[in-house]
Amino acid sequence: MKNDFSKGSVAKNILNLALPMTLAQIINVLYNVVDRIYIGHLPNASTLALTGLGLTFPVITIISAFANLFGMGGAPLCSIARGKGEHDRAQKIMGNSFSTLVISGVVLTVVCLLFKEPILYAFGASSDTFPYADDYLSIYLLGSVFVMVSLGMNSFINSQGFAKMGMLTVLLGAVMNIVLDPIFIFLFNMGVRGAALATIISQGCSALWVLRFLTGKKTIYRLSLSSMRLDFPLIREITGLGMSGFIMSVTNGAVQVVCNATLSLYGGDLYLGIMTVINSVREILTLPVNGVTNAAQPVMGFNYGAGKYTRVRQGIKFTAIVCIAYTLAAWALTLFFPAQFIHLFNSDPALIEKGIPAMHLYFFGFFMMSLQFAGQSVFLALGRSRQAVFFSLFRKAIIVIPLTLFLPRLWGLGVNGVFLAEPVSNFIGGGACFLTMMCTVWPQLKHDLPDSHSA
């Protein structure tokens, strides 16, 4: 059988997926990060343009949230079904995920285009930054379906063990984006509109690549029209498991909105630009953690479905150790080299001066965030959607958003209160998620099932 995760070293199985998946995510983040790097160094209005681009993050995050809902919701279910040998069910899960991704992508495009002006002003846009945000978002939204398919369906390529092919999916789009960005932005003098156009063309090519593979002969499960026929009980299962990733993305978007609105009130456009840079740095630094935890999910899910619980334990242990070690190193980098990170995106002396202390606050205790990712990945891999949803809500909606609103009003903290909300949530939310997983899931995985088998 192809990609049987019940054989060989668990750590090796995870790393075999994690290395290309992490590289794929690094490449994927280049879609937006490269845009910010180019836009942040535009002549004349670079800081305003970068801030305008940052105002579109919540909308882009919400689009990604729906990709998580149906893609990352279906992929673990597909892994569990494959581990049990339920191949027809696994194929139907993939087909229904594709249908819901396309439908939701169309709906999102129409709704966001109709209401983009009030949305952007509600997100903290000013008369100076709105034109840049509007130019970028108007074009980006036209490629929403491409984004949904390339992000959501690539999860099924990875969950079947074809991590290198999944990496090539995003490599194709990212290389195109890197090449097209300077052509559209500078050569054709399109500015932020050029960045958006380069992004959607690149995402469109990635989506076509995904569909070509999943309808071809090399994949284990093939997309077919019969599997795309909507099965609402199955969709409920997919959305139930995907709700964790969806809520995490939506609450991330909500946090960005609240942060932007609060920073606009206490610090103005300069601090909106600083938050854009910090969000970009965080995206880069969390990539290896995402790569390891996402790679661990199909390995743990397969072994859980096959009844090999001791191997699931090994996967949990390996994932936690690697994530904590890496995030400790990443915290040290932000502590000692903050200016170098900021320079990647902008060279405005005022932004750098104010951005360094903001970055120190935001990334304090960064290693605690890895506990959230590690615990969350276990809940998702084992199909425990309720716990995964709860801890997604707990860290962002229950901790970060209220703190972002109230800390700036206490003890004269102002903008510093906004940046402090993140580390506080990492300590409380990350610790609670991981400890709950260790107390509830870990003890149940002591022994393999007597009839455990590889499907």
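Keep in mind the model is a prediction, meaning the values are calculated, not measured.

Where do I start with the environment of Phe70 in this structure?
Relative to the elements of secondary structure, Phe70 occurs in helix α3 (residues 57–84). Spatially, the C-alpha atoms of Phe70 and Cys259 are 27 Å apart, while their sequence positions differ by 189 residues.

Any chance you could explain unusual backbone geometry here in plain terms?
The bulk of non-glycine residues show a negative phi, and the bulk of peptide bonds are trans. For Asn189, which is not glycine, the phi torsion reads 55 degrees and is therefore positive. As for its position among the elements, Asn189 is in the loop between α7 (163–187) and α8 (192–214). Of the residues examined, Asn189 reaches a relative accessible area of 64% and is grouped as exposed. Backbone geometry places Trp411, a non-glycine residue, at a positive phi of 55 degrees. By the secondary structure assignment, Trp411 is in the loop between α16 (385–406) and α17 (415–440). We classify Trp411 as exposed; its relative accessible area is 75%.

Looking at this structure, how should I read the environment of Cys439?
Here Cys439 lies in helix α17. With relative accessibility at 58%, the residue Cys439 sits in the exposed group. It is 29 Å that separates the C-alpha atoms of Cys439 and Ser155, two residues lying 284 residues apart in sequence.

Hey, could you run me through the nonpolar core in this one?
Across soluble globular proteins, nonpolar side chains show a tendency to be buried alongside one another. Core analysis: the largest hydrophobic core is formed by 128 residues, its most contacted members being Met153 and Phe419. Excluding anything up to four places from it in sequence, Met153 contacts Met94, Ser97, Phe98, Leu101, Met148, Val210, Leu214 and Leu223.

Explain helix α9 (residues 232–266) here, please?
For an α-helix, the turn length of 3.6 residues means that residues three or four places apart are oriented alike. Helix geometry: α9 is bent most strongly at Gly242, by close to 45 degrees. Within two residues after α9, Gly268 carries a phi angle of roughly 80 degrees, on the positive side.

What is the right way to look at α17 in this model?
Taking 1.5 Å per residue as the helical rise, α17 with its 26 residues ought to reach 38 Å, and the 38 Å between its terminal C-alpha atoms agrees with that figure. At Ser425, α17 shows its maximal kink, close to 25 degrees.

Even after reading the chapter, I still don't get a nonpolar patch on the surface, so can you show me in this structure?
A surface patch of nonpolar side chains, about 840 Å² in accessible area, is lined by Ile103, Val106, Val107, Val110, Val111, Leu114, Phe115, Leu230 and Phe232. Broken down by element, the nonpolar patch gets its largest block of residues, seven residues, from helix α4 (residues 87–122). With respect to the helices and strands, Val111 occurs in helix α4.

Just checking my understanding: could you explain the packing of aromatic side chains for this structure?
Here the distance between the centres and the angle between the planes together describe a pair of aromatic rings. The full count for this structure, using the stated rule, is 18 aromatic pairs. Judged by centre distance (5.9 Å) and plane angle (20 degrees), the ring pair of Tyr136 and Tyr140 falls under stacked. Note that Tyr136 and Tyr140 are positioned in helix α5 (residues 130–140) at a spacing of four residues, about one turn of the helix. With respect to burial, Tyr136 and Tyr140 carry one shared label: buried. Considering the side-chain rings of Phe162 and Phe213, the 5.4 Å spacing of their centres and the 70 degrees angle between planes classify their relative orientation as edge-to-face. Of this pair, Phe162 sits in the loop between α6 (144–159) and α7 while Phe213 sits in helix α8; the two residues are 51 residues apart in sequence, bridging distant segments of the chain. Of the residues examined, Phe162 reaches a relative accessible area of 18% and is grouped as buried. Among the aromatic residues, those joined into a cluster by ring pairs are Trp331, Phe364, Phe367 and Phe427.

Calculation notes
Residues numbered from 1 in each chain as written. Predicted model: local features only at pLDDT ≥ 70, side-chain atom pairs only at ≥ 80, totals over all residues. Heavy atoms only, no water. Helix = DSSP H or I, 4+ residues; strand = E, 2+ residues; numbered from the N terminus. Buried < 20%, exposed > 50% of the residue type's maximum accessible area, 1.4 Å probe, protein only. Core = buried A, V, L, I, M, F, W, Y, C linked by side-chain atoms within 4.5 Å. Contact = heavy atoms within 4.5 Å. Bend = angle between axes of the 7 residues up to and from the residue. Expected span 1.5 Å × (residues − 1). Patch = residues over 30% accessible without salt bridge, like charges linked within 9 Å, V, L, I, M, F, W, Y side chains within 5 Å. Areas by Shrake-Rupley, 256 points an atom, 1.4 Å probe, with all protein chains shown as cover. Salt bridge = Lys/Arg side-chain N within 4 Å of Asp/Glu carboxyl O. Phe/Tyr/Trp six-rings, centres within 6.5 Å; stacked < 30°, edge-to-face > 60°.

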